[in-house]
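Chains, contacts and geometry: an overview
As a plain string of letters, each chain reads:
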Amino acid sequence: RFISNRSKKHRFCVSTQHYTFTANAFVEMVKNFGQEQFEFIINETQTHQILEDVKNRFCDLGILYLCNKNETFLRKTMDEMGLVFTELFRAMPHVFLRAEHPLAEKEYVTLKDLTPYPRLNYLQGIYESADYSEELFSTEASEKIIRVSDRAAVVNLMIGLDGYTISSGIFPKFLQGEAIVSVPLKEDEVMRIGYVLCKGQVLSELAAIYVEALRKFNPQEA
């Protein structure tokens, strides 16, 4: 490295649940970093895999959410794995729908309103349970459930089948131009979105830049 007078290639990796804003913050971090040599990784994956990635130091940090339903289980699991969760911000639950969906113009929707439409959930592999689910109210009965592995498939199914998914509602326009909208879900729950590190681990320089980029998407400050 010293002979060639070239700087060390910087590596940064984040493992995250399937959120548009985590990708947007990643883009901002890459644009602002300004180095010639780097290897950056954004890994949208299953909830348990995020914890494994952090534990094994594959990624610099993991991004997921806690809620009333999963907090006790996930905090216990993280404690057993030597991990800690730091909250970034809170978001009220919203439903993502195609812009022409029959419910798209409503001020808010309820779980009952959504009953006729296909629910779109992200696959969790062998850890398919409410505790690892990316969607709130995943244990609520639904006659139509489609499980998918990536955001692109979710968008296609929203548009093609009038499907919906429950998430934070943050910046839905980045999903598919103006084709997708978010509508508040009138249910008693809140998403506490944050990052996961190993106990005693300090945010790396790039991780700190990324976390600051994430904070800009705080819906309470928008």
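Above this text you will find the structure in question.
Scope of this entry: the structure provided in the associated data block. Predicted model, so just to flag it, every value in this text is computed and none were measured. (Residues numbered from 1 in each chain as written. Predicted model: local features only at pLDDT ≥ 70, side-chain atom pairs only at ≥ 80, totals over all residues. Heavy atoms only, no water.)

As for unusual backbone geometry
Leaving glycine aside, a negative phi is the common case for residues, and trans is the common case for peptide bonds. Formally: Numbering of helices and strands runs from the N terminus, with a helix taken as a DSSP run of H or I at least four residues long and a strand as a DSSP run of E at least two residues long. Relative accessibility under 20% of the residue-type maximum defines a buried residue, over 50% an exposed one, and the middle range a partly exposed one, all with a 1.4 Å probe and only protein chains included.
Even without being glycine, F137 reaches a positive phi, approximately 60°. Here F137 lies in the loop between β6 (119-122) and β7 (145-148). The phi torsion at D162 lies on the positive side, around 60°, for a residue other than glycine. The class for D162 is buried, based on a relative accessible area of 18%.

Brief notes about the nonpolar core
Cut-off, in case you're wondering: In plain words, nonpolar cores are sets of buried Ala, Val, Leu, Ile, Met, Phe, Trp, Tyr and Cys residues tied together by side-chain atoms within 4.5 Å. Residue contacts are counted whenever heavy atoms from the two residues lie within 4.5 Å of one another.
The biggest cluster of nonpolar side chains holds 41 residues, and the ones touching the most others in it are F12, L61 and Y210. Going through the elements one at a time, β1 (10-16), α1 (20-33), β3 (61-66), β4 (83-91), β5 (94-98), α4 (111-114), β10 (191-198) and α6 (205-215) are the ones with two or more residues in this core. Examining the composition of this core, we find that six residues originate from one element, α6, more than from any other. With sequence-adjacent residues up to four places away left out, L61 is seen in contact with F12, C13, V14, S15, V54, Y195, V196, L197, L203, A207, Y210 and V211. Counting residues in hydrophobic clusters, the runner-up holds 15 residues, among them C59, L64, Y132 and C198.

Focus on the pattern of salt bridges
Put simply, the test is: What makes a salt bridge here is a side-chain nitrogen of Lys or Arg within 4 Å of a carboxyl oxygen of Asp or Glu, nothing more.
Scanning all chains against the criterion turns up 11 salt bridges. Measuring nitrogen to oxygen at the nearest pair gives 3.1 Å for the salt bridge that ties R215 to E212. Of this pair, R215 and E212 are both found in helix α6, three residues apart, which corresponds to roughly one turn of the helix. A single network of salt bridges, built from pairs that share partners, joins E71, R75 and R192.

So, the packing of aromatic side chains
Here is the rule we go by: Stacked, tilted and edge-to-face are the three classes assigned to paired rings of Phe, Tyr and Trp, where Trp is represented by its six-membered ring and a pair needs centres within 6.5 Å; plane angles under 30 degrees give stacked, over 60 edge-to-face, the rest tilted.
Across all of its chains, the model carries 12 aromatic pairs by this definition. Aromatic side chains F21 and F217 sit 6.3 Å apart centroid to centroid with 40° between the ring planes, which places their arrangement in the tilted category. Placement of the pair is F21 in helix α1 and F217 in the segment after α6, with a sequence separation of 196 residues. When its relative accessible area of 1% is taken as the criterion, F21 is described as buried. Taking the centre distance of 4.4 Å and the plane angle of 20° together, the rings of F38 and F40 count as stacked.

Some points on the sheet that holds β5
Here is the rule we go by: Any two strands with at least two DSSP-identified bridges between them are counted as paired. Axis angles are defined between N-to-C directions and span 0 to 180 degrees, where every axis is a line fitted to C-alpha atoms and, for a helix, only to the segment in contact.
With antiparallel pairing, the three strands of this open sheet are ordered in space as β8-β5-β9. The open sheet has two free edges, formed respectively by β8 (165-167) and β9 (180-184), since each of these has just one partner strand. Neighbour-to-neighbour, the strand axes of the sheet open up by a mean angle of 35°, direction not taken into account. Of the pairings in the sheet, the one linking β5 to β9 comprises five bridges and is antiparallel in character.

Examining the environment of F33
Here F33 lies in helix α1. The class of F33 is buried, set by a relative accessible area of 15%. Taking the C-alpha atoms as reference points, F33 and I209, separated by 176 residues in sequence, lie 8.6 Å from one another. Leaving out residues up to four positions away in the same chain, F33 has contacts with H10, F40 and L206.

Any functional reading would require information that these geometric values do not contain.
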